[in-house]
Amino acid sequence: EKVNTILLWALPWTLALIIPVPIIGFFVGNFIGSSSALKKSKLFSALFYIFLYMSRIPFYWFAMVLIYFFAVTLRWAPAAGAYSSKWLHPVLSFDFLLDAIYHYVLPFLTLVCSGIGGWAMGMRSAVSSQIRATYPTYCKQLGLPFNRIRKYIERNAILPNFTVLPINFAGLVGQTLIVEVVFGYPGIGSLMYNAAYQLDYPMLEATFLIIILITLIGNLICDILYGILNPAIGSGYLEEH
């Protein structure tokens, strides 16, 4: 088959992992980090340290741990693949969708659990810094409710966390490729691994190009969203041009 045909078949599987992971990890991590700093709850503090510890574990080792417990020991999830062997190829049916989700869970958990701790740590530090600022005390003296003050604090604290999103996204792309190999997931990572093993240089060059495009497009989207989130950046850019 042609290189572009094989790539178009593998690309959706990789995008299915790459797209939701930073979105869910970003919001969940920021929520846990903010809640652990503001509410001083034992539950959120425990979640913060659990995910922080998980973020320090090598993600490929964490993937193998998930395979051992949930696939080998408990048999709650499959150990490899994107769908069962009874399907010769993907089809548009509800049964196939459920089967694909069943195989999707462990690779997704590997990536998202490894990233939540980093977002939570950054958000907790930023919120703790914002709490010591003068405007939360002023808002309390004005009689503003806690939820409204929290909204102001989180909006200011999330900006530094958002600036590292493009860097984390670039790292996530590399992690996804390795996780695909560990789980035998039929994405760009598995394709690149097989191409390297078989010395298929045209396929390697094509996979490198796709990886670069995914990273560049992801970083562009992050920059646009940051300009929307922080109007001062967008207005300053427009004034310069």
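Look above for the structure.
Residues numbered from 1 in each chain as written. Predicted model: local features only at pLDDT ≥ 70, side-chain atom pairs only at ≥ 80, totals over all residues. Heavy atoms only, no water.

Novice: Quick question: what am I supposed to make of the overall build of the protein chain here?
Specialist: Counting its secondary structure elements, the protein chain contains 11 helices and 0 strands. Its helices and strands taken in sequence order, the protein chain reads α-α-α-α-α-α-α-α-α-α-α from the N to the C terminus. With the principal axes as the frame, the protein chain shows a C-alpha extent of 70 × 55 × 35 Å. Within the protein chain, counting contacts between residues at least 6 apart in sequence, those at least 24 apart form 74% of the total. Carbon and sulfur atoms provide 69% of the accessible area of the protein chain, an area that totals close to 14200 Å². Between the averaged position of the 14 positive side-chain charges in the protein chain and that of its 10 negative side-chain charges there is a distance of 23 Å. (Helix = DSSP H or I, 4+ residues; strand = E, 2+ residues; numbered from the N terminus. Contact = heavy atoms within 4.5 Å. Areas by Shrake-Rupley, 256 points an atom, 1.4 Å probe, with all protein chains shown as cover. Lys, Arg positive; Asp, Glu negative; His and termini not counted. Charge placed at Lys NZ, Arg CZ, Asp CG, Glu CD.)

Novice: Can you walk me through the packing of helix α8 (residues 165-183) against helix α9 (residues 188-197) in this structure?
Specialist: Angle between the axes and distance between the axes are the two parameters that describe a pair of packed helices. Two elements in contact, α8 and α9, have axes whose closest approach is 7 Å; the angle formed by their N-to-C orientations is 75°. Considered as vectors, α8 and α9 are oriented roughly perpendicular to each other. Of the residues in α9, those touching α8 at L177, E180 and V181 are I188, G189, S190, M192 and Y193. For the contact of α8 with α9, a count of residues per class yields 5 nonpolar, 2 polar and 1 charged. (Axes fitted to C-alpha atoms, helices over the stretch in contact; angles between N-to-C directions. Parallel < 35°, antiparallel > 145°, perpendicular 65-115°, else oblique. Nonpolar A, V, L, I, M, F, W, Y, C, P; charged D, E, K, R; others polar.)

Novice: How should the packing of aromatic side chains be read in this particular structure?
Specialist: The geometry of an aromatic ring pair is captured by two quantities: the separation of the ring centres and the angle between the planes. Going through the model one piece at a time under the given rule, you end up with 14 aromatic pairs. Measuring from centroid to centroid gives 5.8 Å for W13 and Y83, while their planes differ by 35°, and the two rings are tilted. Highlighted residues: W13 in helix α1 (residues 3-18) and Y83 in the loop between α4 (59-73) and α5 (94-131), separated in sequence by 70 residues. A connected cluster of aromatic rings, assembled from ring pairs, spans W9, W13, Y83, W87, F96 and Y185. (Phe/Tyr/Trp six-rings, centres within 6.5 Å; stacked < 30°, edge-to-face > 60°.)

Novice: Help me understand the packing of α4 against α8 in this model?
Specialist: Closest axis-to-axis distance for the α4/α8 pair is 10 Å, and the angle between their directions is 30°. The angle between α4 and α8 places the two elements in the roughly parallel class. As α4 packs across α8, the resulting crossing turns out to be right-handed. Counting all contacts with α4, which are made through F59, Y60, A63, M64 and I67, the residues of α8 involved are Q175, I178, V179, V182 and F183. (Left-handed = near helix turned anticlockwise from the far one by under 90°.)

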